[in-house]
Amino acid sequence: MNQEESPNLPVLDDSVLALLRAETDYDDGIWKVFVRDFIDQMPPRIEKIRSTLTSGDGRGAMAAVLSLRTSAQMVGAMQLAGIALDLEEDLRRAASGSDPAGALPGLAAKYLRRITYAGQRTTDQLELFIG
């Protein structure tokens, strides 16, 4: 699900962030800490996906992708979550194939640039949002 395939998917859904902010209104600023943590964890999460895919570690790759997707959804990073979901589905297909570990480097080539680009765009917009 790249930008050309899903142009209606926003980089960031502000309504998700507004909800997060409203739900943590009792503790002023905690939502910013949560968002900051997401931003700070982006590079290690992407690196974990890269290393597990290129080394053929299917279980590790799935865990890394699930971590990225769920955290992206929690901050409203819709494009990033969509790409992670696509990768998750491809990982499931690869796991049921004849050479699961052998398929993973191809998935790295297919997804890492997209994930990195979406991650950077998401980070830029989140930085603006939290000021």
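Residues numbered from 1 in each chain as written. Predicted model: local features only at pLDDT ≥ 70, side-chain atom pairs only at ≥ 80, totals over all residues. Heavy atoms only, no water.

Digging into the overall build of the chain
Within the chain, the secondary structure is distributed over five helices and zero strands. Moving toward the C terminus, one meets the helices and strands of the chain in the order α-α-α-α-α. In terms of C-alpha radius of gyration, the chain reaches 15 Å, essentially the compact-globule figure of 14 Å for 131 residues. Within the chain, buried positions represent 41% of all 131 residues. For the chain, the exposed surface amounts to about 7100 Å²; the carbon and sulfur share of it is 54%. (Helix = DSSP H or I, 4+ residues; strand = E, 2+ residues; numbered from the N terminus. Rg over C-alpha atoms; globule rule 2.2 N^0.38 Å. Buried < 20%, exposed > 50% of the residue type's maximum accessible area, 1.4 Å probe, protein only. Areas by Shrake-Rupley, 256 points an atom, 1.4 Å probe, with all protein chains shown as cover.)

Some thoughts on the environment of Val-16
You can see Val-16 is positioned in helix 1 (residues 14-23). Judged by its relative accessible area of 21%, Val-16 is partly exposed. When the C-alpha positions of Val-16 and Ala-77 are compared, they lie 8.8 Å apart, and in sequence the two are 61 residues distant. Apart from residues no more than four positions distant in its own chain, Val-16 is found in contact with Gln-73, Met-74, Val-75 and Gly-76. (Contact = heavy atoms within 4.5 Å.)

Details of the packing of helix 2 (residues 30-55) against helix 5 (residues 100-130)
Close contact between helix 2 and helix 5 brings their axes to 10 Å; oriented N to C, the two are set at 165 degrees. What the angle tells us is that helix 2 and helix 5 run roughly antiparallel. Of the two elements, helix 2 crosses helix 5, and the hand of that crossing is left-handed. Looking at the contact of helix 2 with helix 5 residue by residue, the class counts come to 17 nonpolar, six polar and four charged. (Axes fitted to C-alpha atoms, helices over the stretch in contact; angles between N-to-C directions. Parallel < 35°, antiparallel > 145°, perpendicular 65-115°, else oblique. Left-handed = near helix turned anticlockwise from the far one by under 90°. Nonpolar A, V, L, I, M, F, W, Y, C, P; charged D, E, K, R; others polar.)

Here we look at the environment of Tyr-117
The residue Tyr-117 is located in helix 5 in this model. Tyr-117 gets classed as partly exposed once you look at its relative accessible area, which sits at 47%. Between the C-alpha atoms of Tyr-117 and Leu-80, which are 37 residues apart in sequence, the distance is 8.9 Å.

Thoughts on the nonpolar core
Val-35, Ile-49, Leu-53, Leu-80, Leu-87, Leu-91 and Ile-115 are the most contacted members of the largest nonpolar core, which has 35 residues in total. Contributions of two or more residues to this core are made by helix 1, helix 2, helix 3 (58-75), helix 4 (78-95) and helix 5. Ranked by residues supplied to this core, first place goes to helix 5 with nine residues. (Core = buried A, V, L, I, M, F, W, Y, C linked by side-chain atoms within 4.5 Å.)

Here we look at the pattern of salt bridges
The full count for this structure, using the stated rule, is eight salt bridges. Of the charged contacts in the structure, one is a salt bridge between Arg-69 and Glu-88, with a shortest N-O distance of 2.5 Å. Taken together, the positions of Arg-69 in helix 3 and Glu-88 in helix 4 put the pair 19 residues apart, joining distant regions of the chain. The exposure classification of Arg-69 matches that of Glu-88, with both residues buried. Beyond isolated ion pairs, a larger network of salt bridges with shared partners links Arg-36, Asp-40 and Glu-127. (Salt bridge = Lys/Arg side-chain N within 4 Å of Asp/Glu carboxyl O.)

Remarks on the packing of helix 4 against helix 5
Look at helix 4 against helix 5: their axes get within 9 Å of each other, and the N-to-C directions meet at 175 degrees. Accordingly, the angle class assigned to the pair helix 4 and helix 5 is roughly antiparallel. Where helix 4 abuts helix 5, its residues Gln-79, Leu-80, Ile-83, Asp-86, Leu-87, Asp-90, Leu-91, Ala-94 and Ala-95 lie against Pro-100, Ala-103, Leu-104, Leu-107, Lys-110, Tyr-111, Arg-114, Ile-115, Ala-118, Gly-119, Arg-121 and Thr-122. For the contact of helix 4 with helix 5, the class distribution of residues is 13 nonpolar, three polar and five charged.

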